[in-house]
Amino acid sequence: DAAFGQLEALWGNGTEAAALKSGYKLPKSLVTNADIGRIINSEEVQTAVRASIKSSKYTPLKKNPLRNLGALVKLNPYALHARKQELDHAKALADGTKTSQRKARRSAMTKERKAAS
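Moving on, we get to the overall build of the protein. Assigned secondary structure in the protein consists of six helices and zero strands. Along the protein, from the amino end to the carboxyl end, the secondary structure elements read α-α-α-α-α-α. Taken over C-alpha atoms, the radius of gyration comes to 44 Å for the protein, far larger than the 13 Å a tight globule of 117 residues would show. By its C-alpha atoms, the protein is 125 × 40 × 25 Å across when sized along the principal axes. Taken over 117 residues, the protein has a buried fraction of 6%. Counting only contacts in the protein whose residues sit at least 6 apart along the sequence, the fraction spanning at least 24 positions is 0%. Here the protein has roughly 11,300 Å² of accessible surface; of this, 57% comes from carbon and sulfur atoms. Treating the 22 positive side-chain charges of the protein as one cloud and the 10 negative ones as another, the clouds have centres 27 Å apart.

A few words now on a nonpolar patch on the surface. A contiguous nonpolar surface patch, about 620 Å² in accessible area, is contributed by L30, V31, I36, I39, I40, V45 and V49. In terms of residue count, helix α2 (residues 36-40) provides more of the nonpolar patch than any other element does, three residues in total. Relative to the assigned elements, V45 resides in helix α3 (residues 43-48).

Counted by the stated rule, this structure contains one aromatic pair. Relative to Y24, the ring of W11 lies with its centre 5.7 Å away and its plane at 65°, an arrangement referred to as edge-to-face. Within this pair, whereas W11 is found in helix α1 (residues 2-11), its partner Y24 is found in the loop between α1 and α2, the two being separated by 13 residues in sequence. The exposure class of Y24 is partly exposed, given its relative accessible area of 28%. Sitting over the face of the ring of Y24, K21 holds its NZ or CZ atom 4.9 Å from the ring centroid.

Rules used in this analysis
Residues numbered from 1 in each chain as written. Predicted model: local features only at pLDDT ≥ 70, side-chain atom pairs only at ≥ 80, totals over all residues. Heavy atoms only, no water. Helix = DSSP H or I, 4+ residues; strand = E, 2+ residues; numbered from the N terminus. Rg over C-alpha atoms; globule rule 2.2 N^0.38 Å. Buried < 20%, exposed > 50% of the residue type's maximum accessible area, 1.4 Å probe, protein only. Contact = heavy atoms within 4.5 Å. Areas by Shrake-Rupley, 256 points an atom, 1.4 Å probe, with all protein chains shown as cover. Lys, Arg positive; Asp, Glu negative; His and termini not counted. Charge placed at Lys NZ, Arg CZ, Asp CG, Glu CD. Patch = residues over 30% accessible without salt bridge, like charges linked within 9 Å, V, L, I, M, F, W, Y side chains within 5 Å. Salt bridge = Lys/Arg side-chain N within 4 Å of Asp/Glu carboxyl O. Phe/Tyr/Trp six-rings, centres within 6.5 Å; stacked < 30°, edge-to-face > 60°. Lys NZ or Arg CZ within 6 Å of the ring centre and 35° of its normal.

Shown next, in the form of structure tokens:
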């Protein structure tokens, strides 16, 4: 009991200043109610606080124009026409109705060489 009396004389209690230290008071807690969640959600606080801003905007994924034809056409409208020409050319090569430009150029060069010699 004497030890507690010495502690109270040195530090003071919650209401009175310390006897052995001049002008020292124990610090008081700023929040008397420790239930912060209940304080924040109370009607008094909620009426004073402005409404929260809800701006969860949806951002779509960017499509790769090298893999997605629709995205490529948005960037380059001629791409659709060029792709159709490529497919027609490939189909003609597969059918045998048309030869590739490389083969045509080579055969023309061989004809020129034969004519020159």
